Amino acid sequence: MSLFGRDPLAEAIRALQQELEGGPIAVLPPALDELGSLFLEREERARRPLRDVVEREILAGLPDAAALLGKDGRVRFANSAFDALSAGGRADGLTMLEVTRSGDLAHATKLALAGTARRLEVTVGRRSFVAQLTPLLRGEVMAVLRDDTDARRLEAIRRDFVANASHELRTPVTAIAGAAETLLVGALADPAQARGFVEIVARHAERLVRLTQDLLDLSRIETGQWAIEIADLELRPVAEHVLAYVTETAARKRMELRNQVPADLRASGDARALEQVLVNLVDNALKYTPEGGTVTLAAAPGEGGVILSVQDDGPGIERHHLARLFERFYRVDAGRSRELGGTGLGLAIVKHLVQAQHGEVGVESGSGGSRFWVRLPARP
Ligand SMILES: Nc1ncnc2c1ncn2[C@@H]1O[C@H](COP(=O)(O)OP(=O)(O)OP(=O)(O)O)[C@@H](O)[C@H]1O
Ligand SMILES: [Mg+2]
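Okay, so let's go over this structure. On a predicted model such as this, the values are computed, not experimentally measured, just so you know.

## A few points about helix α7 (residues 191–222)
Then, in step 1: Look at α7: 46 Å from first C-alpha to last across 32 residues, which is about the 46 Å you get at 1.5 Å a residue.
Then, in step 2: Of the residues making up α7, those classed as buried are A194, H204, R207, L208, L211, D214, L215, D217, L218 and I221.
Then, in step 3: Where α7 is buried, its residues touch α6 (149–184), α9 (271–288), α11 (334–339) and α12 (346–356).
Then, in step 4: Note on α7: the residue one or two positions beyond its end, G224, has a positive phi of about 80°.

## Concerning the sheet that holds strand β1 (residues 65–69)
Then, in step 1: The strand order across the open sheet built from five strands is β2-β1-β5-β4-β3, with neighbouring strands paired in antiparallel fashion. Two strands bound the open sheet, and with one partner strand each, they are β2 (75–78) and β3 (118–124). Neighbour-to-neighbour, the strand axes of this sheet turn through a mean angle of 25°, independent of strand direction.
Then, in step 2: Alignment of β3 against strand β4 (residues 127–135), held across seven bridges, turns out to be antiparallel. Note on β4: the bridge partner recorded for R119 is Q132.
Then, in step 3: Seen against the sheet, helix α2 (residues 30–61) touches β1, β2 and β5 (141–147) and runs at an angle of roughly 55° to β2.
Then, in step 4: Against the sheet, helix α5 (residues 103–113) makes contact with β1, β3, β4 and β5, and its axis sits at roughly 155° relative to β3, the strand it touches most.

## Some remarks on the pattern of salt bridges
Then, in step 1: One pass over the full model with this rule turns up 33 salt bridges.
Then, in step 2: Two residues, R152 and E121, come together in a salt bridge whose shortest N-O distance is 3.3 Å. Remark: E121 occurs in strand β3 and R152 occurs in helix α6; sequence separation between them is 31 residues.
Then, in step 3: Its relative accessible area of 57% is what places E121 among the exposed residues.
Then, in step 4: We note a salt bridge from E240 to R236, for which the minimum N-O separation is 3.1 Å. Placement of both E240 and R236 in helix α8 (residues 235–252) is noted, with a separation of four residues, approximately one turn of the helix.

## Here we look at the nonpolar core
Then, in step 1: Grouped together as the largest cluster of nonpolar side chains are 51 residues, with contacts concentrated most on L235 and L325.
Then, in step 2: Listed by contribution, the elements that provide at least two residues to this core are α7, α8, α9, β9 (294–302), β10 (305–312), α12, β11 (360–366) and β12 (369–376).
Then, in step 3: For this core, the element with the highest residue contribution is α9, accounting for nine residues.
Then, in step 4: Counting the residues that make up this core, at least three belong to each of domain 2 (151–222) and domain 3 (231–376).
Then, in step 5: Contact partners of L235, with chain neighbours within four places excluded, come to V261, L265, R266, A267, L274, A299, V306 and L308.
Then, in step 6: Within the second largest apolar cluster, 22 residues are counted, among which are L69, A108, A131 and L145.

What counts, and where the lines are drawn
Residues numbered from 1 in each chain as written. Chains lettered and ligands numbered in written order. Predicted model: local features only at pLDDT ≥ 70, side-chain atom pairs only at ≥ 80, totals over all residues. Heavy atoms only, no water. Helix = DSSP H or I, 4+ residues; strand = E, 2+ residues; numbered from the N terminus. Expected span 1.5 Å × (residues − 1). Buried < 20%, exposed > 50% of the residue type's maximum accessible area, 1.4 Å probe, protein only. Contact = heavy atoms within 4.5 Å. Pairing = 2+ DSSP bridges. Axes fitted to C-alpha atoms, helices over the stretch in contact; angles between N-to-C directions. Salt bridge = Lys/Arg side-chain N within 4 Å of Asp/Glu carboxyl O. Core = buried A, V, L, I, M, F, W, Y, C linked by side-chain atoms within 4.5 Å. Domains from an automatic or database assignment.

Structure (structure tokens):
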């Protein structure tokens, strides 16, 4: 009973109804306010199991590593990608520092728990992530870590590629421009001198043609425009074709070419692509083996298919180069390769073409020479 003999509860209800209908804000006695909060708390508790299920489902559906951290900074739920970040494979109950071992991330989580959203780049294990920490209304934090390791690696490859390609293009372009200018400012008038400069132009132009052709080939293979038609191939004619193509080069260097591909051996592949692969390998063997050497093209049934190989008795390649040999523009001795007209794309093309034929490529090399091999499936 109030001082004025009215019912305070009825009074409060009326005041609230008026507020909800657009009236002034109801001023409630403290005890009623307290009661209101308790009701809310009870409702919240009743709803929590359902909310937990929904939140778990949402986390599980995210493609990134995601977790909900409680007010105490410990993981309440995590999806499997987030679990996988922790050494033990489970993140429940752990702190951000315990899961990721990242001080930056632990610090950012603390700030997020205090109400400030954070976005940062972090490294966890060997992978890099973009982490987003979002404070939630109830004082918890939602952590989402997007793995961008592959995207960064691709970006680095692209940057390297552009840098390498521009560098390779610059040399011949500079030489051509220089020779043309020398001709224009006077050398044209002296036929003996002029010939030398025109030869420079021709040589470097040829290099540009090769380079652009190789780059085009690579991009055609990668974009699938180089249509690969797999068939059951007879290997001996392919080998004969390849060796015929390089006979003259070999003769000039007094090199012996051996064909050890058996007459009846077959493999699954694309004739044109396989020829290109073998031409590139034989071309290398001839180029990097000193005069008078021997290059052997062989094939034999092997584990998981048919193995074709190109073997030389040249200087061999030091072991630490082998892993990178098939990368674009990778050359053991860039100066020497360039001298021989190389662009460092030959083996990259080989690798792509072999993969397009569902095969595998590799190299063994020692002081006695190098052996590049290609494995193709035995039948289509
Ligand atoms: N048979 C080999 N013996 C020794 N070194 C080799 C042999 N084959 C390849 N190499 C090394 O591997 C590097 C890469 O070969 P790749 O065929 O990709 O490029 P390249 O021959 O320099 O140029 P390109 O083939 O584009 O004209 C070469 O520069 C060379 O250093
Ligand atoms: Mg080559």
